[in-house]
Structure formats: structure tokens, C-alpha cells
Amino acid sequence: MSRRRVAVTGVGVVTSPGVGTEAFWEGLTKDPGKGPFAVEDWDPTVWIPRRQVRRLDLFSQYARAAAHEALAMAGDHGADPLRSGTCIGTGIGGMQSFEGLVEAVNHRERPRPSPVAIPMMMGNAAAADISITFGFLGPATTQTLACAAGAQAISDALRQIQWGYTDLMVAGGSEAAIRPATIAGFRVARALSPTDESRPFDIDRNGFVVGEGAAVMVLEEWDRARDRGADILAEILGAGTTSDAHHITAPHPEGDGARRALEGALADAGATPEQVGYINAHGTATQLNDAGEGRIIADIWGDRQPLVSSIKGTTGHALGASGGIEAVASVLAISRGQIPPNIGLREQDPDIPLHRIVTERQEWEPGLAVSNSFGFGGHNTVLVFGPGS
């Protein structure tokens, strides 16, 4: 069966560096200092009626706001609601609502939990809310692949359109996990930076910093997007998904799963390594991830490496939202002809064999861009984007 081409016609972003695409893009050049990297001065009523805000966990609010921006950017798409859907990934879901429910039950003399506590904390709440809000009657799914969730949501949405099940999908990830329980859990797991600094690929990197937010994109069947005169930001060409089948938190010591995901994504896109001009690295600023990812890139590309950067020095690690945020950054790198910088890198680890890490925003001739996402449990998802022309 021939596969249909898929265009990216809109993106929306809620992150610590900025809310909205323009603020996000400018924020990627600024050093945020120490984390956690929360979304400051959040006002959901800009996008959501006040009476609905009280019934939405923070992660669902972020997703709704990002979807509003992405769909507004896409314009009057005119897609059949029966052939429109959403895929929204999350690693943890409604943590704010979960903590509130536990507090109401265990720490109050007369427990009175909210009657909507369960639907607020459910992982599928954001996907369901977007479908309800915009009237999408096609598939509404939630991917929970830890830090690869947002990327996998985009991959699954790609397949829905490629294989002819839908014509339009809103896809990405959302997370609002800067909560006491979450921070404590990551801290005792020794995953977090003890200095609260995110320094991808640096010799003194010492763990990730938790971020939060949401990023989604509107994917459309290529011909209908072109025929309606949409501004096509990029084309999503392929995706690869694998499992390490190795450890619940640590990546495979040889990077086997991540390598196969990267090679599979390139094969799915019909591309060769030489055609790739930019890699948006997963780059969590942990010892194992950065070293392993660097070796994989060096092994595949050798001395002809593309430009590389991790944006987690500014966004922090937004867990299930990170794949969506970094995919949007990759699309913007193509549509704007600029590479976002790897903030936080002061002295590169000499054991990481990367030769072209971008430390300041850099112009480039847009070509293929790869977005890497690797998650706890050994989940690996890689996306490949190309220019929208």
C-alpha cells in the first residue's frame, strides 16, 4: 500500500522558556539558571473558560493551550471531524490532581475529594479534552512511554494519516510534574542534578533538571494541506520505535535500542545519514544518556556528523512532554533556517565524540532534521522531518 505524505501545518508550545511559539523560540537562546524550570505566571483563562479550568489538571491545561495555538496557526483546515483525531503523550499525567486527592483523603478530618478528581488525573485526560474541545471524532489516544511519550504520539499520528485512517491529527506531549512527590522520587533515584543545573554534554554534567509544559503539532495529509493553501512548516518523513529490553531506568550500555530506532527512522524516511543536517539530541545531561547518545551519533556518522544540540539546558527535562517540545524545535529549525543552541555546555566531555555541537544560534540551509527521544524503561522513538517544499 502506498503511503500518503504528511505535512506539519501548525505548532503550539507552552514551556518555561516561553509560552507561545515566538516566546519559546527566543527563550531557547537564554540561560535560565537553576531549575526546576516551571511555567511562570500561568494564566489558563487566556485559552480556557474559567469554569472549565477548575476541571482540568495543569497538564491538560497546557495541552489545550498548545492545541489552540497550533490549530490557529494551521488555519481553516476544513477536515472532516470523523477523520480528525488526537494523540497526546504524557509520562505521569495529572500529578497535581493525584496529590490533591491523596491530601483530601488522608490528611483532612472530613475527607471531601473532588468528584472530578479521577477524570482530572487520568493520563488520557489531555487527549480527551482536546477531542471534546475541537470536536474531533476520530482516534483519541494517549502514549505513556516515559520521556519518549510525546515523540511516540507524533509517530502514531503520522501512521494514522500515512495509512489513510485520518486526514488530520493533533499530536504531541504534555506534562506538569514539578510536584513535591515527583521531585522527591527522582531525587532518591539519583536522576536529578544536585546543583539544579542542566548541562547537556558537559564534562561536569550531573543529572537532569525537571521541566514542564506541552507542545503539539497539526499533521495533515500533504495534498489536502497544499490544495487549501496551508503554510507547510515541514514534512514528517519517518519514525522509528524500539525497546532496549534491558533495564527500567538505565539505557542499554551499547546504545543498542537507540541506535536501531535512529537507523529505523532514517530507513522509514527513505533517507541516508549523509542527508541529515541537524540532530535535536535527547541530551538529558545525565552521565549515561549523553555518553551513549554521543557514541551512537559518532558510530553512524563518523567524521561527517551533522549539527547537534540539546535544548534541555533551557527547557529542562519535561518528561513525557519533552519529545513533543523537541519535535517542535526541530520543525522550527527547518522553517526558520536556524539551529537552537545547546545552552549549559561550558566544557565538552572529551569522552563524548561529538564534533559539531551548536552553542549559539546558528544559520543553516534547512535539510533533514532528526529528533531523538529516549525514555525510562528502554523506550526509544526517533522522528525525521524535512523542509515543507
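Residues numbered from 1 in each chain as written. Predicted model: local features only at pLDDT ≥ 70, side-chain atom pairs only at ≥ 80, totals over all residues. Heavy atoms only, no water.

A.B. asks: Where do I start with the pattern of salt bridges in this structure?
C.D. replies: What the rule picks out here adds up to 21 salt bridges. Close ionic contact of arginine 179 with glutamate 99 constitutes a salt bridge, the shortest N to O distance being 3.1 Å. Placement of arginine 179 in the loop between strand 4 (168–175) and helix 8 (180–188) and of glutamate 99 in helix 4 (residues 95–106) is noted, with a sequence separation of 80 residues between them. Classification of glutamate 99 by relative accessible area gives buried; the value is 18%. (Salt bridge = Lys/Arg side-chain N within 4 Å of Asp/Glu carboxyl O. Helix = DSSP H or I, 4+ residues; strand = E, 2+ residues; numbered from the N terminus. Buried < 20%, exposed > 50% of the residue type's maximum accessible area, 1.4 Å probe, protein only.)

A.B. asks: Quick question: what am I supposed to make of helix 4 here?
C.D. replies: For an α-helix the count is 3.6 residues per turn, leaving residues at separations of three or four pointing the same way. Here helix 4 contains 12 residues, and its C-alpha end-to-end distance of 16 Å stays within 8% of the 16 Å for a straight helix at 1.5 Å per residue. Buried residues of helix 4: Met95, Ser97, Glu99, Leu101 and Ala104, and no others. The elements touched by buried residues of helix 4 are helix 5 (117–121) and helix 8. (Expected span 1.5 Å × (residues − 1). Contact = heavy atoms within 4.5 Å.)

A.B. asks: Would you mind showing me how to read the sheet that holds strand 12 (residues 379–387) here?
C.D. replies: Strand order in the open sheet formed by 10 strands is 3-2-4-5-1-6-12-11-7-8, with mixed pairing between adjacent strands. Edge strands, defined here as strands with exactly one partner in the open sheet, are strand 3 (140–141) and strand 8 (307–309). Alignment of strand 7 (residues 276–280) against strand 8, held across 3 bridges, turns out to be parallel. Looking across to strand 8, one finds that asparagine 280 is bridged to serine 309. Those strands touched by helix 6 (residues 125–134) are strand 2 (84–89), strand 3 and strand 4, and its axis lies near 155° from that of strand 2. Sheet contacts for helix 10 (residues 256–268): strand 6 (234–243), strand 7, strand 11 (368–375) and strand 12; angle to strand 6, the most-contacted strand, approximately 145°. (Pairing = 2+ DSSP bridges. Axes fitted to C-alpha atoms, helices over the stretch in contact; angles between N-to-C directions.)

A.B. asks: Would you mind showing me how to read the environment of threonine 9 here?
C.D. replies: Relative to the assigned elements, threonine 9 resides in strand 1 (residues 6–15). Taking the C-alpha atoms as reference points, threonine 9 and methionine 217, 208 residues apart in sequence, are found 7.5 Å from one another. Sequence-distant contacts of threonine 9, that is, excluding residues within four places in its chain, are made with Met73, Ala74, Val218, Glu220, Ala225, Arg228, Ala230, Asp231, Ile232 and Leu233. Polar contacts involving the side chain of threonine 9 include one to the side chain of glutamate 220, which spans 2.7 Å. (Polar contact = N/O pair within 3.5 Å; in protein donor to acceptor, adjacent residues only side chain to side chain.)

A.B. asks: Any chance you could explain the pairing of strand 1 here in plain terms?
C.D. replies: Extensive coverage of strand 1 is indicated by the burial of 10 of its 10 residues. As judged from the 9 bridges shared by strand 1 and strand 5 (residues 213–221), these two strands associate in the antiparallel manner. By the bridge assignment for strand 5, valine 11 is matched with methionine 217. As judged from the 2 bridges shared by strand 1 and strand 6, these two strands associate in the antiparallel manner. Bridge assignment links valine 8 to a residue of strand 6, and that residue is alanine 234.

A.B. asks: What should I look at first to understand helix 6 in this one?
C.D. replies: The complete set of buried residues in helix 6 reads Ala125, Ala126, Ala127, Asp129, Ile130 and Ser131. Packing partners of the buried residues in helix 6 comprise helix 3 (58–74), strand 2, helix 5, strand 3 and strand 4. Taken from the residues just after helix 6, glycine 135 is the one with a positive phi, measuring 70°.

A.B. asks: Explain the state of the cysteines here, please?
C.D. replies: Throughout the structure, instances matching the rule amount to 0 disulfides. Its sulfur unpaired, cysteine 87 is 19 Å from the next cysteine sulfur, which belongs to cysteine 147. (Disulfide = S-S within 2.5 Å.)

A.B. asks: Is there a simple way to think about the side chain of threonine 182 in this case?
C.D. replies: Within the secondary structure, threonine 182 sits in helix 8. At 3.4 Å, the side chain of threonine 182 forms a polar contact with the backbone oxygen of alanine 177.

A.B. asks: Even after reading the chapter, I still don't get the packing of helix 10 against helix 11 (residues 287–301), so can you show me in this structure?
C.D. replies: Angle between the axes and distance between the axes: these two values describe a pair of packed helices. Close contact between helix 10 and helix 11 brings their axes to 10 Å; oriented N to C, the two are set at 45°. Taken together, helix 10 and helix 11 sit at an angle that is classed as oblique. For the pair helix 10 and helix 11, the crossing hand works out as right-handed. Between helix 10 and helix 11, the residues in contact are Ala258, Arg259, Leu262, Glu263 and Leu266 and Ile296, Asp299, Ile300 and Trp301, respectively. (Parallel < 35°, antiparallel > 145°, perpendicular 65-115°, else oblique. Left-handed = near helix turned anticlockwise from the far one by under 90°.)

A.B. asks: I'm lost on the packing of aromatic side chains in this one. Help?
C.D. replies: Working definition: an aromatic ring pair is given by the centre-to-centre distance plus the angle between the planes. Enumeration over the complete set of coordinates arrives at 6 aromatic pairs. Judged by centre distance (5.2 Å) and plane angle (15°), the rings of tryptophan 42 and tryptophan 47 are stacked. Summarising the aromatic geometry, the rings of phenylalanine 134 and phenylalanine 136 are spaced 6.1 Å apart at their centres and angled 25° between planes, so their arrangement reads as stacked. One aromatic cluster is present, built from ring pairs that chain together Trp42, Trp47 and Tyr62. Positioned above the aromatic ring of tryptophan 222 is the side chain of arginine 5, whose terminal nitrogen or guanidinium carbon lies 4.0 Å from the ring centre. (Phe/Tyr/Trp six-rings, centres within 6.5 Å; stacked < 30°, edge-to-face > 60°. Lys NZ or Arg CZ within 6 Å of the ring centre and 35° of its normal.)

A.B. asks: Help me understand unusual backbone geometry, please; the structure alone is not making it clear to me.
C.D. replies: Across the junction of glycine 35 and proline 36, the peptide omega takes the value 0°, indicating a cis bond. Summarising the element assignment, proline 36 is placed in the loop between helix 1 (21–27) and helix 2 (50–53). At alanine 285, a residue that is not glycine, the phi angle is positive and equals roughly 75°. Here alanine 285 shows up in the loop between strand 7 and helix 11. Despite not being glycine, leucine 319 shows a phi value in the positive range, around 55°. Relative to the helices and strands, leucine 319 is located in the loop between helix 12 (312–315) and helix 13 (322–336).

A.B. asks: I tried to follow the side chain of aspartate 129 on my own but got confused; where do I start?
C.D. replies: Following the sequence through the fold, aspartate 129 ends up in helix 6. There is a polar contact of 2.7 Å between the side chain of aspartate 129 and the side chain of arginine 64. Not counting residues within four places of it along the chain, the set of residues in contact with aspartate 129 comprises Leu56, Ser60 and Arg64.

These figures come from the coordinates and say nothing about function on their own.
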